[in-house]
Amino acid sequence: MTTSTKALNLATLSENRRELLELLHTHRFATSRQLTRFVLTRYSSASSAHRQTLRHLTGLEEQRLVTRLERRIGGWQRGSEVAVWSLTTTGLRLLTGSTRRQRPQAVSTTFLAHTLATTEVCLVISETVREIEGVEVSLTQEPDCWQSFPIPAGGLITLRPDLAATITSPEYTDHYFLEVDRATENPARIIRTTRQYLAYQQSGIEQEALGVFPAVIWIVPHTKRHAQLTRHLATEPGIPSDLWLVITLNQLPELVRDGPEEFRAHHHQSPFTKGDSS
């Protein structure tokens, strides 16, 4: 594809369709409903947003810029088949100039479910911030949010959060490292990763850059997992209770609105969250 052809094709796409391509480039995978919610403010109603988003996606599919995966994914619409969208190789090349080949059909259902869950976290944060006057959010996806740092024993450790978020208002700035947990990992691995965050905190790198260390947030799919991880982290020696929080997705808007300190105080998650014994 020549530069002139690329520019012509981009120019002929509507702003709405370019935004959908940008969203899929950022998040890799998203369902029709997620994409509708991302662009909701462009339309007069939710039904109009859904109808028009599907129309634009179908048009992009006909142009071979996006592809639709029909997958049955646990935890999404009660396990029913959902339409999941991704850029094609042509769509990626048109948008970025990259010649990297896209193989969305080859990804595992486990990887896809985790990616969609991360997209949902981004969406919930964006929707929450949208409703708070004067508040803005900056979201950094992996691998751009990964952090490598030296350890005293020598060598480097690389932290691989799923997402980093900075929420700012005229009165405050909150920083987060977000880990999207699907209840598929042994708690021992969660503890190991949290200890890596502790080592990174002790390096002082983030504090020098930001003045504070970001709160480490484990976002879990249900209350049983919430209780399990909270119990393991709270009873692990040497991990301070003010380093981490375990929340469900339903609690994420409250965290965004209130900030980690107020959220922790309200839920008494230091060291145990009220009701964890259930």
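A brief structural summary.

## What to know about the pairing of strand E10 (residues 244-248)
By the criterion of burial, E10 is predominantly enclosed, with 5 of the 5 residues buried. Burial along E10 is two-sided: the residues Trp244, Val246 and Thr248 and Leu245 and Ile247 are all buried. Bridge count between strand E9 (residues 215-220) and E10: 5 bridges; the pairing is parallel. Among the inter-strand pairings, Ile219 is bridged to a residue of E10, identified as Ile247. Once the chain exits E9 it traverses helix H9 (residues 223-234) before rejoining the sheet at E10, and the crossover so formed is right-handed.

## Concerning the pattern of salt bridges
Enumeration according to the criterion identifies 8 salt bridges in this entry. A salt bridge links Arg42 to Glu19, with the nearest nitrogen and oxygen atoms 2.3 Å apart. Within this pair, whereas Arg42 is found in the loop between helix H3 (32-38) and helix H4 (46-62), its partner Glu19 is found in helix H2 (residues 15-27), the two being separated by 23 residues in sequence. In this structure Arg42 comes out as partly exposed when scored by relative accessible area, which is 36%.

## Re empty space enclosed by the protein
This model, assessed by the stated rule, comprises 2 cavities of 30 Å³ or more. Quantified by volume, the largest cavity comes out at close to 40 Å³. Every residue lining the largest cavity is listed: Ile125, Ala165, Ile167, Tyr176, Leu178, Leu252, Leu255 and Val256. The set of elements that each furnish at least two residues to the lining of the largest cavity consists of strand E7 (163-168), strand E8 (173-180) and helix H10 (252-258). Of all the elements, H10 adds the most residues to the lining of the largest cavity, at 3 residues. Its residues assigned to classes, the lining of the largest cavity comprises 8 nonpolar, no polar and no charged.

## Thoughts on the side chain of Thr194
One can find Thr194 in helix H7 (residues 187-203). With relative accessibility at 0%, the residue Thr194 sits in the buried group. Polar contacts involving the side chain of Thr194 include one to the side chain of Trp218, which spans 3.3 Å. Setting aside residues up to four positions removed in sequence, Thr194 forms contacts with Trp218, Leu233, Ile239, Leu243 and Trp244.

## Here we look at the layout of surface pockets
Estimated volume of the largest pocket: approximately 1300 Å³. Forming the boundary of the largest pocket are 44 residues, of which Phe111, His114, Glu142, Trp146 and Asp162 lie nearest the centre. Here the element with the most residues in the lining of the largest pocket is helix H6 (residues 109-130); it accounts for 7 residues. Its residues assigned to classes, the lining of the largest pocket comprises 14 nonpolar, 16 polar and 14 charged.

Procedures and definitions
Residues numbered from 1 in each chain as written. Predicted model: local features only at pLDDT ≥ 70, side-chain atom pairs only at ≥ 80, totals over all residues. Heavy atoms only, no water. Buried < 20%, exposed > 50% of the residue type's maximum accessible area, 1.4 Å probe, protein only. Helix = DSSP H or I, 4+ residues; strand = E, 2+ residues; numbered from the N terminus. Pairing = 2+ DSSP bridges. Right-handed = clockwise from strand over helix to strand, strands pointing away. Salt bridge = Lys/Arg side-chain N within 4 Å of Asp/Glu carboxyl O. 1 Å grid on protein atoms, 1.4 Å probe; cavity = no way out; pocket = protein on both sides within 12 Å on 5 of 7 lines; lining within 4 Å. Points joined across faces, edges and corners; volume = space filled by probe spheres on them. Nonpolar A, V, L, I, M, F, W, Y, C, P; charged D, E, K, R; others polar. Polar contact = N/O pair within 3.5 Å; in protein donor to acceptor, adjacent residues only side chain to side chain. Contact = heavy atoms within 4.5 Å.

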